[in-house]
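Results of the structural survey
Chain residues, written in single-letter form:
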2 protein chains.
Amino acid sequence: MRSVQKDKIMSAKDAALLINDGDVIGASGFTMAGNPKLIPIEIANRAIAFHEKGEPFKIDLYTGASTGDEMDGALTRADAIGKRYPYQSHKGMREAINTGKIEFSDFHLSHIAGYVRSGFLKKPNVAIVDAVDVTKEGHIYLSTSGGSTASYLLMADKIIIELNSFFGEKMKGFHDIFIPAPPPVRERIPIYKVTDRIGLPYVSVDPDKIVAIVETNSPDGTRPLREPDETSNIIAGHVIEFLHHEHNRGRLPAGLPYQFGVGNVANAVLASMAKDPLTEPFNLYTEVIQDSVFDLIDNDKLLFASGTALTLSLEGQNRFKDEIDFYRDRILLRQQEISNHPEIIRRLGVVAMNTALEFDIFGNVNSTHVLGSMMMNGIGGSADFTRNAYIPIFMSPSTAKDGNISSIVPMVTHTDHSEHSTKIFVTEQGLADVRGMSPVNRARHIIERCAHPDYKDMLFDYLNYGLKHAPGVHTPHVLDKAFEMHIRLRDTGTMLKK
Amino acid sequence: MRSVQKDKIMSAKDAALLINDGDVIGASGFTMAGNPKLIPIEIANRAIAFHEKGEPFKIDLYTGASTGDEMDGALTRADAIGKRYPYQSHKGMREAINTGKIEFSDFHLSHIAGYVRSGFLKKPNVAIVDAVDVTKEGHIYLSTSGGSTASYLLMADKIIIELNSFFGEKMKGFHDIFIPAPPPVRERIPIYKVTDRIGLPYVSVDPDKIVAIVETNSPDGTRPLREPDETSNIIAGHVIEFLHHEHNRGRLPAGLPYQFGVGNVANAVLASMAKDPLTEPFNLYTEVIQDSVFDLIDNDKLLFASGTALTLSLEGQNRFKDEIDFYRDRILLRQQEISNHPEIIRRLGVVAMNTALEFDIFGNVNSTHVLGSMMMNGIGGSADFTRNAYIPIFMSPSTAKDGNISSIVPMVTHTDHSEHSTKIFVTEQGLADVRGMSPVNRARHIIERCAHPDYKDMLFDYLNYGLKHAPGVHTPHVLDKAFEMHIRLRDTGTMLKK
């Protein structure tokens, strides 16, 4: 028996009775990995029952990042969420956010744990956590994600554990739990290599705060990634060529670790690196570790992966489970405050690769908002890494929706990464290295190298019109024309002129 | 005799002969402090002579930040600058940038030295540096600014020194020179208190690289700040009230250091803190140290100031000189890579106060571009601090140009600090604390608290129109109306409806 708090074992339904209208829940879970799976569904049912009686029932939900349908989905369908921080990627929840039913605020993922501890956000009074073990001393061993779980456990008055035997006790030892002291007097974060462990393998809590333990045997409900498509493979080719080019010119020191955003393009780059004979074995200092690590390890390309979440397909989870002792020396999960910490990212010189929703000719990147107004998922860790990376790379297919949307636009409708922080842009058309360029030269370079042929003239026309008519030509924007392509898309369904 | 390289002493005119068309100059100088003063004028004269003969003569100029009229002014007037990094604030240079005569690219100030060392930017082949001493071993003692001078000296093939006796050898000991190793294997930046010294008091170079020494006795050509006006004093009052409020609620630990941007509003806050009986003595971990430190020290409010530039009025420079031994224990100048380093700013928990050019109702800040197109000065260190601060505060009068411009707008025309990084906004109308708010609630709060009464209805109308008509109401932007206020300003000279 793993748990020594037998008297606290109860059903998910009974545990959900401990949750009340107005509670602020801090939950485990990061990119569908390691979120509680049974209790949120029962909280949703409880909310529905309250609502049917005409009584209010809503909670605020803080997590690491996105969670599975059992949590973000079920609670959204039950109309049970008031505020939601700091990231999500669930279709139903996104719709609720964009119709004003959920108050969402997305944070740099490295920030939220500190904000909670500082009292900047309402304190989570309940923590609900997926764990592989809990001891009578109050040592909680987390499952497949670090997230901000340690800080939520620290702050909460009541703790509810989903004790998950899917990976079970074999999962112990994959986490490194470290919570920085409050300023002004605090130490460095003593990570000098991606492999460095600086904390404990468990979260230590007052055992009296644990009010319920719910037993389960549930894999993570992760969505499988698609096999890389041709566009993603071409993008990956440009990226790898660039990395070799930089290395050969002495501008990319050997041994820099990599960060990869989530998604199909990033996955394609990793898959291509696994196959590339010239790519030396490397380390990941990243946020989310995905199935692609297996191929990398099989091809002797990956030395070590440090992240905050192990987001694997069901097949990947089983593969991981079968060889869990092998992976224990190769994978480490940290709290997101540490996986995404500016101190470490800048110290190690991380090469950051993230996907852009759209970027503009002057080098600003939109990662979050469609037409400036509709939230996709959130900024996530993209700015934590981009802002402090040795070299940040943004990737995107040059078009979306069958060519009706150009990913390169005159002006982004929301800026998540400013021109001051970006350097390299890649589409299947090519790669633009705009380091040291003025905005106008950046624009010429980005249009020439990255834009789809269908949109090149349109983008050059905007630039040239601006060079003649803008109030200043440092960044020759003409405000009444800056969003013409977006407005056409909104009104006609395409950015192309008919 | 301070310099022991007597044979290299020459006139500024002769030193300028060592500069050629196409050279890349890395110069000392940060916010008008410690830039070379004689040689740039002679380079400008040399450029004019070349141009009169119909021959090309342009240099690229990298500095710490803005420099005085002797440098940015003279070289601009001579049409002698090709590329200019990473910041400027000279009227003539700004005009040249905005008419396309100078290729300017502004960087986060913490980044440029590293980019130069990494080979991301063309290497400066000549360094021109204002110094108070240079020894035969090649120890160069800098004057009133750290900037990125140490890295430029390291990279340059030729070094030219302006040996400035205005402060003279008494200035020795104010600098702490530390250059981080390249990644991936590098140590922490070992600053745990603002007073920590981690390097040497001089820059060490190969003495053979020094090709010229020009003697001078020149104070910095700093512009005096205005006395705080009523608006700035009201803003300062709101800020101080907020700080006490946060401290009393346990959300602002005692002893956090402060950063202040340059300008009249920041200066007013410092002046008010000097007079405020409830403000405990504090430290500055900042970029630019200005005259206001004297009042703070006289009022026993300032314990220690760490920065990268000592930007003082002429009166301030004389005051400093008279009591230089007293200030040696209270002021330390670092390289801007370190004064603005994310590792240190986050570790110490800096409270960051910067001025916004404009901010939007959803919490995005424009620090650089007028009407999206005209460069003001550059982003400077504002994002280095904002992004990693314990709590970032943006301040601005609610209107500019006699009320014809609202500093609060529906959508900023350029984003330097995104909604994800901002928290507190202050105008003379009030203070908006938007921590944890969704974009729509932020908008209500910012309009209510910060906007000028003349613009409140206009801003609420935009918000309410968006809530009805935007594609999504997470951030209810309507792209064809987002810049209406700016376009009216451009076309009629005012954002007000006639």
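Conventions used here
Residues numbered from 1 in each chain as written. Chains lettered and ligands numbered in written order. Predicted model: local features only at pLDDT ≥ 70, side-chain atom pairs only at ≥ 80, totals over all residues. Heavy atoms only, no water. Least-squares fit on C-alpha atoms with pLDDT ≥ 70 in both. Contact = heavy atoms within 4.5 Å. Buried area = accessible area lost by both parts, 1.4 Å probe. Salt bridge = Lys/Arg side-chain N within 4 Å of Asp/Glu carboxyl O. Polar contact = N/O pair within 3.5 Å; in protein donor to acceptor, adjacent residues only side chain to side chain. Helix = DSSP H or I, 4+ residues; strand = E, 2+ residues; numbered from the N terminus. Nonpolar A, V, L, I, M, F, W, Y, C, P; charged D, E, K, R; others polar. Domains from an automatic or database assignment. Buried < 20%, exposed > 50% of the residue type's maximum accessible area, 1.4 Å probe, protein only. Pairing = 2+ DSSP bridges. Core = buried A, V, L, I, M, F, W, Y, C linked by side-chain atoms within 4.5 Å.

1. Overview of the relation of the copies chain B and chain A
Expressed as a screw transformation, the operator carrying chain B onto chain A has a rotation angle of 180° and an axial translation of 0.0 Å, and the superposed copies differ by an RMSD of 0.0 Å. Taken together, these values place the two copies in the relation of a two-fold axis. No C-alpha of chain B lies nearer the rotation axis than that of B:Glu343, which sits 2.2 Å from it. Same-surface contact between copies: 100% of interface residues of chain B are shared with the interface of chain A.

2. Digging into the interface of chain B and chain A
Counting residues at the interface gives 85 residues for chain B and 85 residues for chain A. Taking both partners together, chain B and chain A bury about 6,900 Å²; carbon and sulfur atoms supply 53% of that area. Taken together, the connections running from chain B to chain A amount to six salt bridges. Here B:Asp384 ties to A:Arg387 by a salt bridge, and the two come within 3.0 Å at their closest N and O atoms. Taken together, the connections running from chain B to chain A amount to 46 residue pairs in polar contact (both at pLDDT 80 or more). Of all the elements, helix H13 (residues 342–348) of chain B adds the most residues to the side of chain B that touches chain A, at five residues. Of the residues belonging to the side of chain B that touches chain A, the class tally is 34 nonpolar, 32 polar and 19 charged.

3. A closer look at the domain arrangement of chain A
All names here are of chain A. By domain assignment, chain A separates into domain 1 (6–216) and domain 2 (230–492). The C-alpha-based centres of domain 1 and domain 2 are spaced at 29 Å. Each partner contributes residues to the interface: domain 1 has 51 residues there, and domain 2 has 47 residues. In this assembly, domain 1 and domain 2 are joined by three salt bridges. Among the secondary structure elements, those contributing two or more residues to the side of domain 1 that touches domain 2 are helix H4 (91–98), helix H5 (112–118), helix H6 (149–155) and strand S8 (175–176). With four residues, the single largest contributor to the side of domain 1 that touches domain 2 is H5. Here the side of domain 1 that touches domain 2 is composed, by residue class, of 22 nonpolar, 19 polar and 10 charged.

4. Some points on the pairing of strand S6 (residues 139–142) of chain A
Residues and elements named next belong to chain A. Burial along S6 is two-sided: the residues His-139 and Tyr-141 and Ile-140 and Leu-142 are all buried. Bridge analysis of strand S5 (residues 126–134) against S6 gives three bridges, and the strand direction is antiparallel. Along S6, the bridge assignment pairs Ala-131 with Leu-142. Hairpin connection between S5 and S6: a loop of four residues separates the two successive antiparallel strands, and Gly-138 in this loop has a positive phi of roughly 90°.

5. As for the nonpolar core
Membership of the largest hydrophobic core comes to 76 residues, with the highest contact counts inside it found for A:Leu243, A:Phe320, A:Met353, A:Met395, B:Ile140 and B:Ile161. With residues up to four places along the chain from it excluded, the contact list for A:Met395 reads A:Ile235, A:Val239, A:Val265, A:Ala266, A:Val269, A:Met353, A:Asn354, A:Thr355, A:Ala356 and A:Val426. Within the second largest apolar cluster, 64 residues are counted, among which are A:Phe394, B:Val412, B:Phe425 and B:Met458.

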